[in-house]
Amino acid sequence: MSISEIRVYSIPLAAKSTYNMSNSTVTTPMSTIVEVVDADGTIGYGEACMASPQFQPAHNAGIVSSLSVLAPSIIGLDPTKLTVVNAAMSSAMTGHTEGKAALDIACWDLMGKKLDMSIVDLLGGARMTDVVTYHVVGIGSPEYAAGEAERLQNEGITRIQLKAGGRSIHDDIESIHAVADVLRPGTDLAVDTNRGWSTAEAIHVSAACSNITMSMEQPCATEAELHTVKAHGHHPIVVDENSTDIGAVARMISSGLADGFGLKITRLGGLTAMRAVRDLCMATRTPMSSDDAWGGDIIAAAGVALGATLDPQFSRGAWIAHPYHQTHYDEENGPRIDDGFVTMPSGGAGLGLQITEGQFGDPVAVYR
Ligand code: 0XW
Ligand code: MG
């Protein structure tokens, strides 16, 4: 096997409902899709898509641009030799984990297709058949937040991520209490500010909500700030944006800072890197999610595949963007949410998707 061609596509994934975070509102992110073509014509698919330029230090146009360096670095390599492929990309470019992730996922898809195995099985096998998910409630009034929480629980959702930050903390506190008032037994609440609060604000909110069972996800911007909040707050800390690589994850586990992680495949650099972080989290009994910033069926299938291999006790769920853009690349097999769980694609080996060649239009770049 050897990679003979890489085709890059850029397609819009418009948010169908308001989706806002403390630092940004999601409108129409452009998703980058890659086709990694083996010498025998078999195609592996990968994807990376940022929800906004503020969420993590990456930009959708930058992902396309990074592939002008990354794609040529793996032409001619065996896509099943993932260590070699990732070493070649790291040698060619520092950082730019999003473009690396798209190519890495495509190599996993190719490997599955060549071995006639699902990525779930290549990752060690499913510990659950349908994967629990969590749903985001965007920033809004207390009435809006409580109404969304009610609606979602009626649809079977058992994990709610309430966005906060970017406004008066008194508005955040009111929304948190309004959601807490309608939470049913068994529904978990995470309040995610995407780095939006100062330490003083986070400590104030935690004190004002000390009677509420919830976690605080990435309440502040830096690891040092999170330590301060951990020391003076009342709630478990889930680390998202600071979980940039396995070294940072290991440090935040060993220091006792992280009570859990919100992990993104594209921020870590792909399924190969995410698998290593998964093994570290499972070995240290540290809860983690398996998700990404935005994107369609390809990144969703990768996230739910990894999510299925987690120990259920330490799974914070797999998040997919489909409910917010309602677009499928594979209408029949694309991951969707049913009664609070993400369904696994069942369209065959690799990612389990059936994608029609050419359905993404003309490539924006081709590398041979
Ligand atoms: C909810 N997510 C997984 C998707 C959004 O892009 C941000 C992210 C989060 O947890 O912050
Ligand atoms: Mg988060």
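Right above here is the structure, for reference.
Residues numbered from 1 in each chain as written. Chains lettered and ligands numbered in written order. Predicted model: local features only at pLDDT ≥ 70, side-chain atom pairs only at ≥ 80, totals over all residues. Heavy atoms only, no water.

Asker: Help me understand the coordination of the magnesium ion (ligand 2), please; the structure alone is not making it clear to me.
Answerer: Ideal coordination angles are 109.5 degrees for a metal with four donors arranged tetrahedrally and 90 or 180 degrees for a metal with six donors arranged octahedrally. Bound to the magnesium ion (ligand 2) are the protein donor atoms Asp192 (OD), Glu217 (OE) and Asp240 (OD), situated 2.0 to 2.2 Å from the metal. Mapped onto the sequence, the donors of the magnesium ion (ligand 2) take the spacing D-x24-E-x22-D. With Glu217 in strand β10 (residues 215-217) and Asp240 in the loop between β11 (237-239) and α9 (246-254), this pair connects stretches of sequence that are 23 residues apart. Assessed through its relative accessible area of 0%, Glu217 is described here as buried. (Donors = N, O, S within 2.8 Å, 3.2 Å for Na, K, Ca; no water. Helix = DSSP H or I, 4+ residues; strand = E, 2+ residues; numbered from the N terminus. Buried < 20%, exposed > 50% of the residue type's maximum accessible area, 1.4 Å probe, protein only.)

Asker: Can you help me understand the nonpolar core in this one?
Answerer: One broad trend across soluble globular proteins is that nonpolar side chains are buried collectively. One finds Phe261 and Trp294 to be the most contacted residues of the largest nonpolar core, which totals 120 residues. For this core, the element with the highest residue contribution is helix α12 (residues 297-308), accounting for 9 residues. If you count residues domain by domain, this core takes at least three from each of domain 1 (3-116 + 353-367) and domain 2 (122-343). (Core = buried A, V, L, I, M, F, W, Y, C linked by side-chain atoms within 4.5 Å. Domains from an automatic or database assignment.)

Asker: Where do I start with the side chain of Asn242 in this structure?
Answerer: Within the fold, Asn242 resides in the loop between β11 and α9. Given a relative accessible area of 15%, Asn242 falls into the buried group. At 3.1 Å, the side chain of Asn242 and the backbone oxygen of Ala221 are in polar contact. When near neighbours in sequence (up to four residues on either side) are disregarded, Asn242 contacts Gln218, Ala221, Thr222, Glu223, Leu226, Ala248 and Met252. (Polar contact = N/O pair within 3.5 Å; in protein donor to acceptor, adjacent residues only side chain to side chain. Contact = heavy atoms within 4.5 Å.)

Asker: So what exactly am I meant to see when it comes to helix α11 (residues 271-283) here?
Answerer: Since one α-helical turn is 3.6 residues long, residues separated by three or four positions face the same way. The first and last C-alpha atoms of α11 sit 18 Å apart over 13 residues, in line with the 18 Å expected at 1.5 Å per residue. Of the positions making up α11, those classed as buried are Leu271, Thr272, Met274, Val277, Arg278, Cys281 and Met282. Directly beyond the C-terminal end of α11, a positive phi value near 55° is found at Arg285. (Expected span 1.5 Å × (residues − 1).)

Asker: Help me understand the environment of Ser91 in this model?
Answerer: Structurally, the position occupied by Ser91 is in helix α2 (residues 82-92). In sequence terms Ser91 and Val229 are 138 residues apart; their C-alpha atoms lie 38 Å from each other.

Asker: Hey, could you run me through unusual backbone geometry in this one?
Answerer: Peptide bonds are, in most cases, trans, and in most cases residues other than glycine have a negative phi. In this model, His96 sits at a positive phi of 50°, which is unusual for a non-glycine residue. Among the secondary structure elements, His96 is positioned in the loop between α2 and α3 (97-115). His96 gets classed as partly exposed once you look at its relative accessible area, which sits at 40%.

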